[in-house]
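So the chains spell out like this:
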Amino acid sequence: MPLSSQPESSPLPPLLSLVRLLQLSSPTLPVGAYTYSQGLEWAVESGAVGDEAGAARWIGDALSHSMAQLEAPLVAALLAAWREGEEGGARGGARVAALNTEFIATRETMELRAETVQMGWSLRRLLSGLDAFAALPGWRARLLAIEEPAFPTVWTAAAAAWEITADQSLAAYLWAWLENQVMAAVKAVPLGQSAGQRLLATLGARIPALAAEAAALPEAQWSNFSPGLAIASSRHETQYTRLFRS
């Protein structure tokens, strides 16, 4: 019987939670992440990124100054909110909705907003029809209650439902973002596959520390101040030739 057709009961075996995490962070997850570069394609077009070293600087700065300062802390907060709601706390559901709205509001450009909404919608549709998720008591209804879910909102719902630990969830979320950015650089610069693996090895080594910092970052210190990324995304919207949607 296919793994996805077996109803699961709580608690999940630890190795099954790991398998679910690998599925959730896989580049084969059909949400369209590979079609987005988040401004990196324009950085290549403009000459700001033209080789492996330039890609390492651009992606590394985005990882440290954007992802780890806002999106990763928000992922940690969403995980906690989903779990609070699972325990019967009404405040958990309200907190999820508020964080979802806040994240969408931080998307500085049309492309970035469309990206997170499209990927959130695609992931919710996938999970709603996946027995391994939909059969879990209450989770499908809770997810469908979010009117316009952003991608991290849906992703954390799955991580919470599949009982993946917060530290593993944060590391996997950052890794999936990093892998997508590196693969975008491999296509757009272009770079060789070995260069891509070097970037993943070097930049991936930062993830444990960044995940730990993000988990402990107070909400008052969350920051999305990355003007270079916002400008790149804005310029990409009118770029003449494009491989990517952002």
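Located above this text is the structure these notes cover.
The paragraphs below set out a description of the structure included in this document.

Criteria and thresholds
Residues numbered from 1 in each chain as written. Predicted model: local features only at pLDDT ≥ 70, side-chain atom pairs only at ≥ 80, totals over all residues. Heavy atoms only, no water. Phe/Tyr/Trp six-rings, centres within 6.5 Å; stacked < 30°, edge-to-face > 60°. Helix = DSSP H or I, 4+ residues; strand = E, 2+ residues; numbered from the N terminus. Lys NZ or Arg CZ within 6 Å of the ring centre and 35° of its normal. Core = buried A, V, L, I, M, F, W, Y, C linked by side-chain atoms within 4.5 Å. Buried < 20%, exposed > 50% of the residue type's maximum accessible area, 1.4 Å probe, protein only. Contact = heavy atoms within 4.5 Å.

## Some points on the packing of aromatic side chains
Okay, step 1: Inspection of the entire model under this criterion finds four aromatic pairs.
Okay, step 2: Between the aromatic rings of Phe133 and Trp162, the centroid separation amounts to 6.2 Å while the plane-to-plane angle is 90°, which identifies the pairing as edge-to-face. Remark: Trp162 occurs in the loop between helix H8 (151–161) and helix H9 (166–188) and Phe133 occurs in helix H6 (residues 131–134); sequence separation between them is 29 residues.
Okay, step 3: Of the aromatic side chains, those joined through ring pairs into one cluster are Phe151, Trp155 and Tyr173.
Okay, step 4: When the ring centre of Trp162 is taken as origin, the NZ or CZ atom of Arg20, which lies over that ring, is 5.5 Å away.
Okay, step 5: Over the ring of Trp139 we find Arg142; its NZ or CZ atom is 4.4 Å from the centre of that ring.

## Regarding the nonpolar core
A general tendency of soluble globular proteins is for nonpolar side chains to be buried together.
Okay, step 1: Formed by 81 residues in total, the largest nonpolar core has its most connected members in Leu40, Ile59, Trp82, Trp155 and Trp162.
Okay, step 2: No other element matches the 17 residues that helix H3 (residues 52–86) contributes to this core.
Okay, step 3: Those residues in contact with Ile59 that lie beyond four places of it in its chain are Leu40, Trp177, Leu178, Gln181, Val182, Ala185 and Leu203.

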